Amino acid sequence: EKNADQIANGDLTLITKLRQSDQIHGLAASFSKMTMELREKLLGIRQKSEELPGLIDEIKKLSQNEIIPSKELTGITARLSQISSGLQESLKHFKL
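Conventions we followed
Residues numbered from 1 in each chain as written. Predicted model: local features only at pLDDT ≥ 70, side-chain atom pairs only at ≥ 80, totals over all residues. Heavy atoms only, no water. Helix = DSSP H or I, 4+ residues; strand = E, 2+ residues; numbered from the N terminus. Buried < 20%, exposed > 50% of the residue type's maximum accessible area, 1.4 Å probe, protein only. Contact = heavy atoms within 4.5 Å. Salt bridge = Lys/Arg side-chain N within 4 Å of Asp/Glu carboxyl O. pLDDT = per-residue confidence, 0-100.

Chemist: Is there a simple way to explain the overall build of the protein in this structure?
Modeler: When its secondary structure is counted, the protein shows three helices and zero strands. Going from N to C terminus, the protein has its helices and strands arranged as α-α-α. Out of the 96 residues in the protein, the part that is buried amounts to 18%. Taking the intrachain contacts of the protein between residues at least 6 apart in sequence as the baseline, contacts between residues at least 24 apart amount to 55%.

Structure follows, in structure tokens:
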């Protein structure tokens, strides 16, 4: 119960451990696996979201020029599309 409360409060570093002889050992293993998978998904979302401010700054700098080189704009929009797709894929894991 303590572990469930900690995970509910956002601690995705916690691994549930029980003695091998406990009847709910399988449940604990599933719970730990679920926690690790959630943590991996959220780390991926965080990594992708941390890339966005830099790209936004690049767009702001380019927009100050009278002419935005299409090669630079194409590269930035491609990276934004990749980040967007990655975030959408990561969010598919969650039922919202």
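Chemist: It is not clear to me how the pattern of salt bridges should be interpreted in this structure. Could you clarify?
Modeler: It is possible for side chains of opposite charge to pair when their charged atoms get near one another. Inspection of the entire model under this criterion finds two salt bridges. Measuring nitrogen to oxygen at the nearest pair gives 3.0 Å for the salt bridge that ties R79 to E58. Residue R79 is located in helix 3 (residues 70-91), and its partner E58 is located in helix 2 (residues 25-63); the two are separated by 21 residues in the primary sequence.

Chemist: Sorry, what's going on with the side chain of S32 here?
Modeler: By the secondary structure assignment, S32 is in helix 2. By relative accessible area, S32 is classed as buried at 7%. Setting aside residues no more than four positions away along its own chain, S32 makes contact with I15 and T16.

Chemist: How do you make sense of the confidence of the model for the protein when you look at a structure like this?
Modeler: Regions with low pLDDT should not have their predicted coordinates read in detail. The predicted model of the protein has a mean per-residue pLDDT of 79, with 90% of residues at 70 or higher. For the protein, per-element mean pLDDT is lowest for helix 1 (residues 2-8), which scores 76, and highest for helix 3, which scores 84.

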